[in-house]
Amino acid sequence: MIDARTTHVEQTEELAAALAALVRPRDIIVLSGEMGAGKTAFVRGFATGMGVSSDETVSSPTFTLVHTYDTGKLVIHHADLYRLGRLSDVEDLGLRELADLGDVVVIEWGNVAEEVLGDHLVVSLEVDDDEEDTRHVVVSVVGHTWDSRWEQLKRALAKWGN
Ligand SMILES: Nc1ncnc2c1ncn2[C@@H]1O[C@H](COP(=O)(O)OP(=O)(O)O)[C@@H](O)[C@H]1O
Ligand SMILES: [Mg+2]
């Protein structure tokens, strides 16, 4: 696990961009954390870090379920599972298949679907009890796809270390 802490929204975006620098085709990133924790802010920084043009607005795909961004190098699918009650609905979205095809998939509220997603990175965001703008960011992994990148990721996120 990697523990980090951000004290304003821009820091969460920067952390996400630093993580994005290590992302490869087929990666799935699951974002967990309550409403307002900063999941969409994370995706905004992540997308910018991946090269999505900054005039493309990254917002929560709460009603459309999936937004897709093309960086020119690869395609990022940004999903929000908040409104999906059943695991079968999640499977119908085909997110894992999109990753298998070589795209990158980032999923808000993705923790509800972890069992159908295969190997993935989990980024959990939690609002600090005392400081309104502080977020505890914990990065963990399911499977082995990050084994060879883990030390690099630790170094990349060290400046936000607790
Ligand atoms: N350190 C921080 N990291 C992320 N967001 C923060 C932070 N501090 C304050 N915020 C605010 O919290 C809110 C997070 O909203 P959002 O990213 O939409 O959350 P979610 O997608 O998890 O519901 C934004 O209004 C953002 O400005
Ligand atoms: Mg959101």
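Higher on the page you've got the structure.
Residues numbered from 1 in each chain as written. Chains lettered and ligands numbered in written order. Predicted model: local features only at pLDDT ≥ 70, side-chain atom pairs only at ≥ 80, totals over all residues. Heavy atoms only, no water.

Draft legend 1. View of the pairing of strand β4 (residues 75–80). Burial within β4 is extensive, with 5 of its 6 residues counted as buried. Pairing geometry for strand β3 (residues 66–70) and β4, over 5 bridges, is antiparallel. Directly across from Thr68, in β4, lies its bridge partner His77. With 5 bridges connecting them, β4 and strand β5 (residues 104–108) associate as parallel partners. Pairing of Ala79 across the sheet is with Ile107, part of β5. (Buried < 20%, exposed > 50% of the residue type's maximum accessible area, 1.4 Å probe, protein only. Helix = DSSP H or I, 4+ residues; strand = E, 2+ residues; numbered from the N terminus. Pairing = 2+ DSSP bridges.)

Draft legend 2. Expanded view of helix α6 (residues 150–157). Burial in α6 covers these residues: Trp150, Leu153 and Leu157. Relative to the axis of α6, the buried residues are bounded by an arc of 60° and lie together on one face. Those residues of α6 that are buried are in contact with β1 (2–6), α1 (9–20), β6 (120–127) and β7 (135–142). (Arc of directions from axis to C-beta. Contact = heavy atoms within 4.5 Å.)

Draft legend 3. How the structure looks around the sheet that holds strand β2 (residues 28–32). Strands sit in the order β1-β7-β6-β2-β5-β4-β3 across an open sheet of 7 strands; the sheet is mixed. With partners counted over all chains shown, the strands left at the sheet margins are β1 and β3, one partner each. Adjacent strand axes in the sheet meet at a mean angle of 20°, parallel and antiparallel pairs treated alike. Bridge count for β6 against β7 is 8 bridges, and the pairing is antiparallel. In the sheet register, Val127 faces β7, and the bridge partner there is Arg135. Against the sheet, α1 touches β1, β2, β6 and β7, its axis set at about 145° to β1. The sheet strands contacting helix α2 (residues 39–50) are β2, β4, β5 and β6, and the helix crosses β5 at an angle near 165°. (Axes fitted to C-alpha atoms, helices over the stretch in contact; angles between N-to-C directions.)

Draft legend 4. Structural detail: the pattern of salt bridges. Here the structure, examined in full by the defined rule, presents 4 salt bridges. Note that Arg44 is salt-bridged to Glu13, the shortest N-O span being 2.9 Å. Of this pair, Arg44 sits in helix α2 while Glu13 sits in helix α1, placing them 31 residues apart in sequence. Look at Arg44 and you get partly exposed, because its relative accessible area is 31%. Given the relative accessible area of 22%, Glu13 is considered partly exposed. Asp89 serves as the salt-bridge partner of Arg86, at 3.2 Å between the closest nitrogen and oxygen. When its relative accessible area of 23% is taken as the criterion, Asp89 is described as partly exposed. (Salt bridge = Lys/Arg side-chain N within 4 Å of Asp/Glu carboxyl O.)

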